[in-house]
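Residues per chain are reported as follows:
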Amino acid sequence: LKDPEGAYGKRACLTGKLTTITAVRDADASALLHFKAVLEGPGERWNLSAVGDTAELVKGSTAKFCGLAVHVRTQRADGGTLDTLDVVGMFDLPENRKR
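Structure report, in brief. Please read all numbers here as calculations on a predicted model, not as lab measurements.

### So, the pairing of strand β2 (residues 32–41)
- Across eight bridges, strand β1 (residues 11–25) lies against β2 in antiparallel orientation. Along β2, the bridge assignment pairs T22 with K36.
- The antiparallel pairing of β1 with β2 creates a hairpin that spans six residues between the two strands, and A29 there sits at a positive phi of about 65°.
- Judged from the seven bridges that link them, β2 and strand β3 (residues 44–50) form a sheet pairing that is antiparallel. Across the sheet, the residue bridging to E40 is R45, located in β3.
- Counting the residues between successive antiparallel strands, the hairpin from β2 to β3 contains two residues, one of them, G43, with a positive phi of roughly 70°.

Okay, here's the thing in structure tokens:
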């Protein structure tokens, strides 16, 4: 977030608590496309698009996620603004390390 333009495409590994996690399916809901999630760490928030397995992860779980930074956005939060990083990748799980 220090250098948003320079962060694009760089690898990021993040650890925090999942505040949301939701499956995204195609138009007729027959195929799972990916998962959208929000991961929060101390003073930071990341918007995730996760491919691969999510195992037993649910809202409130502590998780590690690795992927590529694709976008920085400014969101309203608690009466102010917060810069958040969009990351595309996978949760760091044994099931995903086999791929």
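### As for the nonpolar core
- Grouped together as the largest cluster of nonpolar side chains are 17 residues, with contacts concentrated most on L14, L18, L39, L48, F65 and F91.
- Of all the secondary-structure elements, those providing two or more residues to this core are β1, β2, β3, β4 (62–77) and β5 (80–91).

### Quick word on a nonpolar patch on the surface
- Nonpolar side chains collect at one region of the surface, where Y8, L68, V70 and V88 lie side by side and expose about 370 Å² of accessible area between them.
- Tracing the sequence through the fold places L68 in strand β4.

Parameters at a glance
By convention here, each chain's residues receive numbers from 1 onward along its written sequence. The predicted nature of this model means local features are confined to residues of pLDDT at least 70 and side-chain atom pairs, given and counted, to a pLDDT of 80 or more, with totals for whole chains, interfaces and linings taken over all residues. With hydrogens and water excluded, all non-hydrogen atoms of the structure serve as input to the side-chain values. Any two strands with at least two DSSP bridges between them are considered paired. In this description a helix means any DSSP run of H or I spanning at least four residues, a strand means any run of E spanning at least two, and both kinds are numbered starting from the N terminus. Buried Ala, Val, Leu, Ile, Met, Phe, Trp, Tyr and Cys residues that are joined via side-chain atoms within 4.5 Å together make up what is termed a nonpolar core. Exposure categories follow from relative accessible area, calculated using a 1.4 Å probe and restricted to protein chains: below 20% of the type maximum is buried, above 50% is exposed, and the middle band is partly exposed. Residues qualify for a patch when their relative accessible area is over 30% and they have no salt bridge, like charges being joined within 9 Å and the nonpolar side chains of Val, Leu, Ile, Met, Phe, Trp and Tyr within 5 Å. Only the protein chains shown count as cover for residues, and the accessible areas themselves come from Shrake-Rupley with a 1.4 Å probe. Each salt bridge in this description consists of a side-chain nitrogen of Lys or Arg and a carboxyl oxygen of Asp or Glu lying within 4 Å of one another.

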